[in-house]
Every structure is written in structure tokens, then in C-alpha cells.
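A structural walkthrough
The chain contents come next:
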Amino acid sequence: MATDQISENTVATLAADGAAFLQGLFGDWVDVLAAGIDRNEDEPSEFFNENGTAADPGRFWDDYCNWARIPEFERFAFESDVGAVAAELMGSETVQLFHDHVLVKEPGARLHTPWHADGPYYFVEGRQTISLWIPLDPVPVESTLRFIRGSHKWDTAVMPVNWTTGYGFYGGGATGDEGFQPLPDPDAEPDRYEVLEWAMEPGDAVAFHFDTVHGARGSSDMRRAFSLRLVGDDARYVQRQGRTSPPFDGHEMTAGQRLREDWFPLLLVRAD
Ligand SMILES: O=C(O)CCC(=O)C(=O)O
């Protein structure tokens, strides 16, 4: 079981730092997920997005919310140990699937993934939230996902921005208006922020809280990643100031509700 590899130390590190590295956890699923990404590229959804510009030497595309129509993603969500892993990591009795997300940087992709936390883009909040980002190619430290240690505990969230334009996701600039703080720049202020980053192999994973601030540089090599977003017992629907990402239009949930299980299925309920 992949859960055998989750030590108390890993759980404590994730709680303290907001991110933890999990070596080789999903090695058996690399080929399945890679086939799913091929299928996803051939059959993009309405959410498929080219983040860079045509002038960039390599593309940076992403797509999400496809598990119900891409069988490889559905298999991973429901047949792998990912639900059990998430339950251990979150300390949760239940694990619900929020959504899947594919992020591909092709060789020469220049666009940096801006520093951001996923939480403010989402309509769900809780202490028990987790993303598992799983690369399907070797990822050197230069192009890996990077995290600001402890940022999941910040009082003021980082301004969510549109990744291509850099403008505020709910309107406005990236300057920290509307109750948000401006985007941090850990490379310019290394004494202020501690960055966690790991060179990774296919099938490794990084686990991180929805509120952990993270980003990535461009990539000189192919960097395909599959990420699964999961929520636990205390996660509740929250109303944001605009259409969220993902939007899940017509969901009809109201503030304080658990996510509806017919749209966000339970992957696991732990027995007492
Ligand atoms: O893959 C990337 O560059 C960004 C990933 C990310 O932001 C995420 O998985 O939340």
C-alpha cells in the first residue's frame, strides 16, 4: 500500500510546512496517467487553456475537471491508493474528489507559473484540503513546483491572478487590493521567504494544502504533471466574489455546506 510510505513525520511536516515530498508513491500509475494526458490533449475540454503566447518556444497548457470522461484519470482516482493517502495526510475520515488538473510545460516553455495559492480560486475552504502533484517526466529542480514554507498559515491570502495576463482573477491588478496581499517574490527576497523545492522523478508526488503559496519556473524539458485536488471532513462551500476556477456552474450549493457528493464523489470513508 502506498499509505505504508506515509510516516507520522510526513504528516507533521505537511501540517507545519504546507508541503511534503513523497518519493515514488505513484510509480505504478505513470503509464496510465501519461496515456490519460495524451487523450486529454487529443480531446480537450471547454477548460483547455494555452497559458503562454505563440511566440514562446514551448507551450504551457492545462486542462481540468476531466476525470468523468478520461478513463485513465477516473481509474487513478478510484482504483489507486490516492484516497487512502490523502486521508492519512489530511487526518480525515472522508476524502472527496474535488477535481483533476493536468499541467504540461513543453520543452522551452518560458512562462512561469505565478506564485499563488489555489484556495482563493476555489469555492471550498477547510483545514483538510490537499493537492497531489505528480510529474510523469523527470523534473530537475530548475522547473519543479516550488512552495513557500508555512504560507498556508498566512493571515492574508495572496492575490489570485490570471496566469496569462497577471491581472486579478476577480478583477483589479495584482497589487494586493480587495483584501489580498500582492504576489510575493521569494527569489528577490530570499531572507523573507523559505522556498521548498525538490527535483522529482516520474511517479513521485508533492502534497500541499490548498492555501500553500506555490509557483514554478519555465521548463527546458517536457514536464507533464497530473494533479488531484481532494477535500476532507471539514471542507465547506464558500461564496467567492466572482466565478471561481473551476466554476462548476449550476452547483446550487450554499455557504457552509459540504460539497455535494453527486458532483464530488467520496473516494473513501474510513471505518472506525
Ligand atoms: O504545474 C505547474 O506549473 C503549476 C501547478 C499548480 O499550480 C498546481 O498544481 O496547483
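As shown above, the structure is provided for reference.
Residues numbered from 1 in each chain as written. Predicted model: local features only at pLDDT ≥ 70, side-chain atom pairs only at ≥ 80, totals over all residues. Heavy atoms only, no water.

**Some remarks on the side chain of serine 245**
So the rule is basically this: Note on conventions: DSSP H or I runs of at least 4 residues are helices, E runs of at least 2 residues are strands, and numbering of each starts at the N terminus. Burial classes: relative accessible area under 20% of the type maximum marks a residue as buried, over 50% as exposed, and values in between as partly exposed (1.4 Å probe, protein chains only). Any pair of N or O atoms that falls within 3.5 Å is considered a polar contact. Within protein, one atom must be able to donate a hydrogen and the other to accept it, and sequence-neighbouring residues count only if both atoms are side-chain atoms. We call two residues in contact whenever any of their non-hydrogen atoms come within 4.5 Å of each other.
Counting through the fold element by element, serine 245 comes out in the loop between β13 (236–237) and β14 (266–269). For serine 245, a relative accessible area of 15% translates into the label buried. Within the structure, serine 245 has its side chain in polar contact with the side chain of tyrosine 64 (distance 2.8 Å). Those residues in contact with serine 245 that sit more than four places away from it in its chain are Tyr64, Tyr121, Tyr122 and Phe169.

**Examining the pattern of salt bridges**
The criterion, for reference: What counts as a salt bridge is simple: a side-chain nitrogen of Lys or Arg found within 4 Å of a carboxyl oxygen of Asp or Glu.
Scanning the model with the defined rule gives 18 salt bridges in all. In this structure, arginine 59 and glutamate 106 form a salt bridge, with 3.0 Å as the shortest nitrogen-oxygen distance. Highlighted residues: arginine 59 in the loop between β2 (49–50) and β3 (60–64) and glutamate 106 in the loop between β4 (94–105) and β5 (113–116), separated in sequence by 47 residues. Here arginine 59 falls in the partly exposed class, since its relative accessible area comes to 30%. The salt bridge involving glutamate 197 is made with arginine 146; its shortest N-O contact spans 2.8 Å. Residue glutamate 197 is found in strand β9 (residues 195–197), and its partner arginine 146 is found in strand β8 (residues 145–148); the two are separated by 51 residues along the sequence. Among the residues examined, glutamate 197 registers a relative accessible area of 28% and is labelled partly exposed. Given the relative accessible area of 4%, arginine 146 is considered buried.

**Section: unusual backbone geometry**
A negative phi angle characterises most non-glycine residues, just as the trans form characterises most peptide bonds. Cis geometry is found at the peptide bond from serine 245 to proline 246, where omega equals -5 degrees. Among the secondary structure elements, proline 246 is positioned in the loop between β13 and β14. The phi angle at cysteine 65 is positive, at roughly 65 degrees, despite the residue not being glycine. Classification of cysteine 65 as partly exposed rests on a relative accessible area of 23%. Although it is not a glycine, phenylalanine 248 sits at a positive phi angle of roughly 45 degrees. By the element assignment, phenylalanine 248 lies in the loop between β13 and β14.

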